Amino acid sequence: MEELDGEPTVTLIPGVNSQKKQMCFDWGPGEMLVCETSFNKKEKSDMMPGCPFIHIIRKNEDVYSQILRKLFNESHGIFVGLQRIEEELTGKSRKAQLVRVSKNYRSVIRACLEEMHQLAIAGKDPASDRQFSIQVSSLSAMELIWNLCEILFIEVAPAGPLLLHLLDWVQLHVCEVDSLSADVLGSENPSKHERFWNLVTVLVLQGRLDEARQMLSKEANTNPTSAGMCRILGDLMRTMPVLSPGNTQTLTELELKWQHWHEGCERHLQDGTFASSPHLESLCKIMLGDEAALLEQKELLSNWYHFLVTRLLYSHPTVKPMDLHFYAQSSLDLFLGGESSPEPLDNILMAAFEFDIHQVIKECSIALSNWWFVAHLTDLLDHCKLLQSHNLYFGSNMREFLLLEYASGLFAHHSLWQLGVDYFDYCPELGRVSLELHIERIPLSTEQKALKVLRVCEQRQMTEQVRSICKILAMKAVRNNRLGSALSWSIRAKDAAFATLVSDRFLRDYCERGCFSDLDLIDNLGPAMMLSDRLTFLGKYREFHRLYGEKRFVDAASLLLSLMTSQIAPRTFWMTLLTDALPLLEQKQVIFSAEQTYELMRCLEDLTSGRPVRGEPDAQQLQDDDVETTKVEMLRLALARNLARSIVKEGSLEGS
C-alpha cells in the first residue's frame, strides 16, 4: 500500500484557460472555488478580461445523484446494524450473519442498479443518458467486485463449493444469455433461429447444462439426423459429476467420478461421434476444457473471468482457493492474447483472486468515483477480522480512514450529513474530532435544520458546538428583530454577554413602545435570569409590572426601589424607573415610606447632577431637554408631597 500511485486525472473546467491565465483557488471541506486572476503568465501588458465566473468544483458529485442517495440511505441502516452485532457471536453463527450482511449490501446495489438502468433506457436527454450509463457501469462493477470478495473473503468457500459459488457469480453478472434465450425461445421454431447454437453454447459455457439439454431436445425433434448425437451429448451433460450443496461425497470421490466422465467425453470425440455436426463437436470440446475451443467462443464469453470459470468447470472442478490466482492470471493472458492491456476492473478482480485485500481496496479507491464502496467493504472485512494488522502511518487504521473520507463527503450534502454523523460515531480514534470540525460547517439555513444539528451535538455532549450554534441562531433572530427567540437561544448558549445585549434591546423597545413583547418568555425565565445582571433586571422589572397590574402597590414599590439602590438597573434606565414611580407617589394611600422617598430623591439627584454638559444644542435636543426638565420637576414635586405625607403618617403612628 505504500508504493506511489499514478498521476491523478486532470479535470478540465469549461471556459477557464490555465495556459494563459494564473488561477486562484480556495479549498473547502467538500469542494473548491476556482477563478482566473488578472495576472498574466507571460505578458504583463495583456490585461484582457478573462473568464468572469467563479467555478465550484465538487470533490464528490455522486451525493447529488437521486438514485445513489437511495444507495447511501439504505446502506446506512445495514452499516449501523453491523456495528451492533454482538461480539459474543463466534464461529458459524457469526460467519452466517456477516454473509447475510454482505448480501444485504449487494441487494441494495442491485436495486439501485436496476433503477438506474431503467432511467438510462427511458432517458431522452443525451447528456443525462451518458451520465446514467456511466453510473450503471460503475454500479455493475461494484456489485461484481463485492460478490467476488464475498465468496473469497467472507464465505471462504473451500475446494468444491468454491466452483459452485463462482458459477453463480458468473451467471448473475454475465446476464446477456437471458435476453438471448427470450429471443430464441420466442420465435416460431427455436432450433431454426439464427442464434440457436449461440444460445446452446452460452448455456454450456455457464454450466447451465439442464437448460442446454432442453435446447438439444428441440434440435433432436426438429432434425432427426442429429437426434442420436443430441441424445449422446445430452447424456454426457446429465451425467457430469457436480458437487451439489447437499451432497456428502468427498472431493476424492468427485475427482474419480469426474475423471471417468471426462474419459468418456474424450472417447466420443476420438471416435468421431459428433464429426458430422460441427456445433455438437464444438460443445463436446468445450466440455473437455479444450482451451482452443474455449477461446474460439471469445465473443460469447465476453470477458476473461467468464473464461476462467468455464475453464475451471471443465478442467479443474475441485480447484483450491490458493491455486485460483495461477488460473486467473493464465486465463487473463490467454483471453487478452497480448492484444490489449488489462482494465482497472481486471486489476481489481486479479488482486481478489490473489487474496490481496489491501490491493483490492487500493485499486477500488482509485477506480471508483466515490468512497461508498471501499468504506463499507473495508468495514465488513474488518468485522471478519481480516484487516486487524493493517495500520496507516498517519494515526488511523484503514477502516477508519475510509469511513472518515466517506462521512466527510456526506457532509457536503444538505441532508445526507445526518447519515455521516453515525459513520463518525463508529470511528473511535478520529471520529469525534472530525464530527466537531464538520458539524460547525453545516449551513444553518432554517431553524428546523439548526434544531437537528443542535440535537446531534447535545446527544454527544459537544458543549462548544452547542454554544456556537445557539449564538449563530441568536444573532439571526436579533437581525430579524425576533427578540424572544434571540433571548431563548442566548440563554441556551449560556452566553451572558449576548443575553445582556438582547435584554438591552428588550428595554429599548419598551421605552419606545411602552410595552413588552414575548411576555411568556420573560415571565418564565426562572433561574435563567441569573445568567447576567441585565437579564436579571429585565425579569425583575417585568415582575414589577405584574405586581402593579395586580394592585400590589407596596410590593411593587419595594421591588422598584431595590432595582435602583442595588445598582442592578442600568443608569440610562433610571429615569424610566423614576417615572414608573410617579403613579405610586400619587396614590391616595402612602406607598413609599419617608426613608424610601429619601432614597428615590437621592437617585434623582445622582441622575440629574451626573449629566454631561453638551455643546451647542440643536432644536431636537432643546425639545428633549424640555421634556426631561418637566419630568424632573414633576418627580421632585411628587417626591416632596409623598415625603410630607409619609412623615405625617409615620408621626401619627408614633403618637398613637
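Residues numbered from 1 in each chain as written. Predicted model: local features only at pLDDT ≥ 70, side-chain atom pairs only at ≥ 80, totals over all residues. Heavy atoms only, no water.

**Q** Is there a simple way to explain unusual backbone geometry in this structure?
**A** It is generally the case that most residues other than glycine have a negative phi and that most peptide bonds are trans. Although it is not a glycine, Ser302 adopts a positive phi angle of roughly 70°. Relative to the helices and strands, Ser302 resides in the loop between helix H12 (298–301) and helix H13 (304–315). A relative accessible area of 40% means that Ser302 is categorised as partly exposed. At Gln461, a residue that is not glycine, the phi angle is positive and equals roughly 50°. (Helix = DSSP H or I, 4+ residues; strand = E, 2+ residues; numbered from the N terminus. Buried < 20%, exposed > 50% of the residue type's maximum accessible area, 1.4 Å probe, protein only.)

**Q** For this particular structure, what's the right way to read the pattern of salt bridges?
**A** Oppositely charged side chains can form a pair if their charged atoms are brought close together. Taken as a whole and assessed by the stated rule, the structure comprises 19 salt bridges. The salt bridge involving Glu633 is made with Arg636; its shortest N-O contact spans 3.8 Å. Linking Glu633 with Arg636, this pair stays in helix H30 (residues 619–655), spanning three residues, or about one helical turn. Put simply, Arg546, Glu550, Arg552 and Asp555 are held in one network by salt bridges that share partners. (Salt bridge = Lys/Arg side-chain N within 4 Å of Asp/Glu carboxyl O.)

**Q** So what exactly am I meant to see when it comes to helix H1 (residues 66–83) here?
**A** The periodicity of an α-helix, 3.6 residues per turn, causes residues three or four places apart in sequence to face the same way. In this model H1 runs 26 Å from its N-terminal to its C-terminal C-alpha over 18 residues, within 8% of the 26 Å that 1.5 Å per residue would give. The set of residues buried in H1 consists of Ile67, Leu68, Leu71, Phe72, Ser75, His76, Ile78, Phe79, Val80, Leu82 and Gln83. (Expected span 1.5 Å × (residues − 1).)

**Q** Even after reading the chapter, I still don't get helix H9 (residues 251–270), so can you show me in this structure?
**A** An ideal rise of 1.5 Å per residue puts 28 Å on 20 residues; H9 measures up with 28 Å between its terminal C-alpha atoms. Every buried residue belonging to H9 is among Leu254, Trp258, Trp261, His262, Gly264 and Cys265, and all of these are buried. Looking straight down H9, one finds its buried side chains confined to an arc of 155°; they lie on one side. In H9, the exposed positions that point more than 90 degrees away from the buried face belong to Thr252, Leu256, His260 and Gln270. One or two residues past the end of H9 sits Gly272, with phi positive at roughly 75°. (Arc of directions from axis to C-beta.)

**Q** Could you clarify how one ought to interpret the confidence of the model for the protein chain in this entry?
**A** Predicted coordinates in areas of low pLDDT are best not read in detail. With 83% of its residues at a pLDDT of at least 70, the protein chain reaches an overall mean of 82. When the elements of the protein chain are averaged for pLDDT, strand S3 (residues 55–58) gives the smallest value, 62, and helix H15 (residues 344–353) the largest, 95. This stretch, residues 612–623, has a pLDDT under 50; its non-local contacts, to residues over four places away or in other chains, come to four contacts. (pLDDT = per-residue confidence, 0-100. Contact = heavy atoms within 4.5 Å.)

**Q** Honestly, the packing of helix H27 (residues 553–565) against helix H28 (residues 574–585) in this entry has me stumped. Any pointers?
**A** Helix packing geometry: the angle between the two helix axes and the distance between the axes. Running from amino to carboxyl end, H27 crosses H28 at an angle of 160°, the nearest separation of the two axes being 11 Å. Here H28 runs roughly antiparallel to H27, going by the angle between their axes. The way H27 lies across H28 gives a crossing that is left-handed. Contacts from Phe553, Ala557, Leu560 and Met564 in H27 reach Trp574, Leu577, Leu578, Asp580, Ala581 and Leu584 in H28. Residues that form the contact of H27 with H28 fall into these classes: nine nonpolar, no polar and one charged. (Axes fitted to C-alpha atoms, helices over the stretch in contact; angles between N-to-C directions. Parallel < 35°, antiparallel > 145°, perpendicular 65-115°, else oblique. Left-handed = near helix turned anticlockwise from the far one by under 90°. Nonpolar A, V, L, I, M, F, W, Y, C, P; charged D, E, K, R; others polar.)

**Q** Sorry, what's going on with the nonpolar core here?
**A** A general feature of soluble globular proteins is that nonpolar side chains tend to end up buried together. Core analysis: the largest hydrophobic core is formed by 188 residues, its most contacted members being Leu71, Trp169, Leu233, Trp304, Phe353, Trp372 and Phe373. Among the elements that take part in this core, helix H3 (residues 126–155) stands out by supplying 12 residues, more than any other. With near-sequence residues (within four places) excluded, Trp169 lies in contact with Leu144, Asn147, Leu148, Ile151, Tyr305, Val309, Leu349 and Phe353. (Core = buried A, V, L, I, M, F, W, Y, C linked by side-chain atoms within 4.5 Å.)

**Q** When you look at the side chain of Asn147 in this model, what are you seeing that I'm missing?
**A** In this structure, Asn147 sits in helix H3. Within the structure, the side chain of Asn147 is placed 3.0 Å from the side chain of His173, a separation counted as a polar contact. Setting aside chain neighbours within four positions, we find Asn147 in contact with Arg106, Trp169, Leu172 and His173. (Polar contact = N/O pair within 3.5 Å; in protein donor to acceptor, adjacent residues only side chain to side chain.)

**Q** I keep staring at the packing of aromatic side chains and nothing clicks. Help me out?
**A** Two descriptors summarise a pair of aromatic rings, namely the distance from one centre to the other and the angle between the planes of the rings. Summed over the entire model, instances satisfying the criterion amount to 18 aromatic pairs. Through pairs of rings, three or more aromatic residues link up here, namely Phe72, Phe79, Tyr406, Tyr423 and Tyr426. (Phe/Tyr/Trp six-rings, centres within 6.5 Å; stacked < 30°, edge-to-face > 60°.)

**Q** Could you clarify how one ought to interpret the environment of Gln567 in this entry?
**A** By the element assignment, Gln567 lies in the loop between H27 and H28. By relative accessible area, Gln567 is classed as exposed at 51%. As for Gln567 and Asp533, which are separated by 34 residues in sequence, their C-alpha atoms are 9.6 Å apart.

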